[in-house]
Amino acid sequence: MRRFLIPITGFLLLCSLMAVSEAMYVKYKDPKQPMGARIKDLMKRMTLAEKIGQMTQIERMVAAPDVMKNYFIGSVLSGGGSVPAPKASAATWVNAVNEIQKGSLSTRLGIPMIYGIDAVHGHNNVYNATIFPHNVGLGVTRDPALIKKIGEATALEVRATGIPYVFAPCIAVCRDPRWGRCYESYSEDHTIVQKMTQIIPGLQGEIPANARKGVPFVDGK
């Protein structure tokens, strides 16, 4: 009987390992799976509380790892003047974003949060960043190529602080200066505003010619 013990034990061990492996496999985390299949798999796993949390964006001042973990928060923003420390360095920003991200990744589903910031005319929340004129001033240039370069410069500085998402551009067409944010409009002429949207490929990279239409694109850089 003993001669059969080792093969049987080995077989049982192999079955156990296979069961554990199958249990650990999660389709939505598999980059080889089609995006649609990954989304459907993830959505099926989410509770109502998790879905509500993922649709919620909170301000950095109230975002902490335990808040992200307990409420499944999907996004965090830095509004105007919201900084992790006075005169914070790029490294301080990166550490602050990473600390919040740890909370998100520690949740049951491990969905990373998206951090956004008001980098509307340069990375204007960050000490020593390059600041450009407000949109109303940029619109006066009538120079889409220049606006695109401003987008590229802004993107580099934002990514250097560990942030992947900017609340830009503002493409409002302001025709009444009584609106308090008229300075965020490139022009009252919609054709000028349309030309100034060249800042978009500056911020997120040129969309490849063979890219699938209707799908958001952000270059790897």
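Residues numbered from 1 in each chain as written. Predicted model: local features only at pLDDT ≥ 70, side-chain atom pairs only at ≥ 80, totals over all residues. Heavy atoms only, no water.

**Observations concerning the overall build of the protein**
Working step 1: Of regular secondary structure, the protein possesses nine helices and four strands.
Working step 2: For the protein, the succession of helices and strands along the chain, N to C, is α-α-α-β-α-β-α-β-α-α-β-α-α.
Working step 3: Looking at the protein as a whole, 33% of its 221 residues qualify as buried.
Working step 4: Intrachain contacts of the protein at a sequence separation of at least 6 include 52% that bridge at least 24 residues.
Working step 5: About 14300 Å² of surface is accessible on the protein, with carbon and sulfur atoms providing 62% of the total. (Helix = DSSP H or I, 4+ residues; strand = E, 2+ residues; numbered from the N terminus. Buried < 20%, exposed > 50% of the residue type's maximum accessible area, 1.4 Å probe, protein only. Contact = heavy atoms within 4.5 Å. Areas by Shrake-Rupley, 256 points an atom, 1.4 Å probe, with all protein chains shown as cover.)

**Quick notes on the sheet that holds strand β1 (residues 57-59)**
Working step 1: The sheet built from four strands is open, its strands ordered β1-β2-β3-β4 with parallel pairing. If you trace the sheet from one side to the other, it starts and ends with β1 and β4 (165-166), each paired once.
Working step 2: Bridging between strand β3 (residues 114-117) and β4 involves two bridges; their strand directions are parallel. Looking at β4, one finds that Gly116 is bridged to Tyr165.
Working step 3: Sitting on the sheet, helix α5 (residues 90-105) is in contact with β2 (75-78) and β3, with an inclination near 140 degrees to β3. (Pairing = 2+ DSSP bridges. Axes fitted to C-alpha atoms, helices over the stretch in contact; angles between N-to-C directions.)

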